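Below are the chains, spelled out letter by letter.
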Amino acid sequence: MSLDRREFLAKGTMFLLLTGAASRAWAFIEQGRPQDAPDYDLATHWWAMFIDIEKCIGCGRCVDACKVENDVPPEAYYSRTWVERYIIPPIDPADPMAEILPIVDSPNAGRDGFPEVPAVAGAKSFFVPKLCNHCAESPCTQVCPVGATFRGPDGVVLIDKTWCVGCRYCIQACPYGCRFLDPRTNTADKCTLCYHRITRGLTTACCEVCPTQARVLGNLRNPDDPIHQLLKEHNVQVLKPNLATGAKAYYNGLDGAVR
Amino acid sequence: MHTLPGVEGFMYPNEMELQWSILIVIYPYLTGLVAGAFILASLQRVFNVEAVKPTYRLALLTALAFMLIAPLPLQLHLGHPERSLEMFLTPHTTSAMAMFGFVYLWYLLAVLVIEIWLEFRPYIVEQAQTASGALRLFYRALTLGSYNVSPHALEIDDRVGRIITVVGIPSAFLLHGYVGFIFGSIKANPWWSTPLMPVVFLFSAIVSGIAAVLLIYLVYCKLSKIPIDMPCLDSMAKYLYYAFLVDFSLEMLDLIHRIYVSDESFKSLDFMVHTRLYGSQVVGQIVLGTVLPIGLLGLTQLLSLSVQVRQRLYVTAGALTMAGIFLMRWNVVIGGQLFSKSFLGYTTYKMGFATREGLLPALVVLVLPLLVLWVLVRLFPPMEEQRPAPARPGDQA
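Residues numbered from 1 in each chain as written. Chains lettered and ligands numbered in written order. Predicted model: local features only at pLDDT ≥ 70, side-chain atom pairs only at ≥ 80, totals over all residues.

Caption draft 1: Molecular detail of the sheet that holds strand S4 (residues 124-131) of chain A. Residues and elements named next belong to chain A. As summarised here, the arrangement of the three strands in space is S3-S2-S4, forming an open sheet in which the pairing is antiparallel. Two strands in the sheet have a free side with no partner beyond their single neighbour: strand S3 (103-105) and S4. Ignoring which end each strand starts from, the neighbouring axes of this sheet average 20 degrees apart. Examined bridge by bridge, strand S2 (residues 81-88) and S4 share eight bridges and lie antiparallel to one another. (Pairing = 2+ DSSP bridges. Helix = DSSP H or I, 4+ residues; strand = E, 2+ residues; numbered from the N terminus. Axes fitted to C-alpha atoms, helices over the stretch in contact; angles between N-to-C directions.)

Caption draft 2: How the structure looks around the interface of chain B and chain A. With 34 residues of chain B in contact, the opposing surface of chain A contributes 40 residues. For the side of chain B that touches chain A, the secondary structure elements donating two or more residues are helix H4 (86-89) and helix H5 (96-130) of chain B. Its residues assigned to classes, the side of chain B that touches chain A comprises 16 nonpolar, 12 polar and six charged. (Contact = placed C-beta atoms within 7 Å. Nonpolar A, V, L, I, M, F, W, Y, C, P; charged D, E, K, R; others polar.)

Caption draft 3: The nonpolar core, seen in detail. Grouped together as the largest cluster of nonpolar side chains are 179 residues, with contacts concentrated most on B:Val34, B:Ala63, B:Ile210, B:Val213 and B:Leu240. What B:Val34 contacts, discounting residues up to four positions off in sequence, is B:Ala63, B:Phe66, B:Met67, B:Ala70 and B:Leu175. (Core = buried A, V, L, I, M, F, W, Y, C linked by C-beta atoms within 7 Å. Buried ≥ 20, exposed ≤ 12 C-beta atoms within 10 Å, placed from the backbone.)

Caption draft 4: Molecular detail of the packing of H5(B) against helix H6 (residues 133-142) of chain B. All names here are of chain B. Relative to each other, H5 and H6 sit at 140 degrees, their axes nearing to 8 Å. One finds that H5 runs oblique with respect to H6. Viewed along their axes, H5 and H6 form a crossing whose handedness is left-handed. Touching Ile124, Gln127 and Ala128 of H5 are Arg136, Tyr139, Arg140 and Leu142, all from H6. Here the contact of H5 with H6 is built from residues that sort into four nonpolar, one polar and two charged. (Parallel < 35°, antiparallel > 145°, perpendicular 65-115°, else oblique. Left-handed = near helix turned anticlockwise from the far one by under 90°.)

Caption draft 5: Layout of the environment of B:Trp20. The topology assignment puts B:Trp20 in the loop between strand S1 (8-9) and helix H1 (22-47). In this structure the C-alpha to C-alpha distance between B:Trp20 and B:Ser306, which are 286 residues apart in sequence, comes to 45 Å. The contact partners of B:Trp20, leaving out residues within four places of it in the chain, are A:Arg168, A:Gln172, B:Val333 and B:Gln337.

Here it is in structure tokens:
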């Protein structure tokens, strides 16, 4: 094996910085084939996320981290993840049949946190982090006319941006509003579950920065993954279960009003 | 709370902008006209409705003209039109949109083009022998080398044409029913997600196709100085009336079902119909675009009116029908994106003018099929036998 000085320095620096498995995987990640990296086995992963509404404080760090880590356009209407604030007024004993409409907002997708609002007497309030649910039976991949978006064997729904025709059918088909058209590439875009990180043994950017561990990434194929304990110890629900999408974002403390 | 201009209540952040524009409104509108015109044409060929025979060729050419332009709004809309061929080369078999490409191609190449070719073959052969210059070459190419127009050959043409029409009717049903399925199969969107959608699309296609051919027939007769065949016009109006009644009944069935069932989306959709869609749906589509033309057509069925009055009523009803069906497409496509899938908010459609998906390209795409038709009827005159023979010198008036 012969290396010139430039190659030696590049490889040596990379080895020092990334060390171990990550350095071996880096070449594959650069080629856009992280799944081929020697230390990432697609067949032994089935990714899911546990989201604890009772722990989310609405700080928006997850939204910010996602934007920065994944180079997401800064505008709120291009969001891979966002946080919603729900304020649910109490039932009025004088008119218990009156419809209770939750007051929901997500200023700048929750990236800058939430400004105080006048208190509604007796109301309950909570934050709901949202991201792609990486559905097992994903309606978005079903409708893609060219198969540019797909669910990998590890359960992550991804988009091949070199193949996407930009018809936006997938955006219409997502019940959770998790997709958008990237104005720079004119292709669909969404949360990749930080695929470039999780295939290197790291967690997602949003989970990484969450100060309360309201978001926890887990591998359901690994019996020792803590997510199993979390799912066992909490009453969890997925969003819009009636649509049977096989959503893999499991929420603890999800109020029935949340859509 | 924080709201953006045009946004009311809460929308998911990615829902603020509409993804499907007026071009996607035009697309099902055009394919509907194709299917409707073809079904009208097949009335004569398969069901032997002799009264509509004068419009047979014109209806086929109308279908072809709209069919050739129908993919254009889709191409304009795509983020990467240069990759659109991938829908045929690497289709995703679970995608309604991908499979639609094949339905479209089948209909265009295996039904419409062959039927028109068979129908005009004697004319093509005649022109290949009598025309001059480039036109002669054009018609010679179209003969595909066959100059045999003997009675026996024409009889075979007729038989094959009949088989193709028989295949063509379910194909036309499939073509536009499938467009409805593209919307109706989206379970994420309750405004679209109904098994009635393909059926409603199909009948509205028949309605708009008949109305379009009726209007084009009248205009063509006027421009070509061909006398209007009133029994033909009356028959078309009758079919329009009955098809419209079925279409309206289906739409009302959908509406009544939604009101009665009142699922979780109902309040949101109901609010939208009473506010943002009130003008285009209640006033435009239902009152002016459906009830009024049905009423006008009903009058012509009930009363015995003079030819002139009938013609005026048909033109008015036809034009209102065309507008009503366009608004139906608008309300489906645009309306289906004005409310949040959280059922908690509403947004606004902001249409540009001279932008890629703005009003100007939309108008161009709407006018283009008429220009194509203008060329087609010049190349393949559809009603020559109905043109009165020119008066020769010495003829008595």
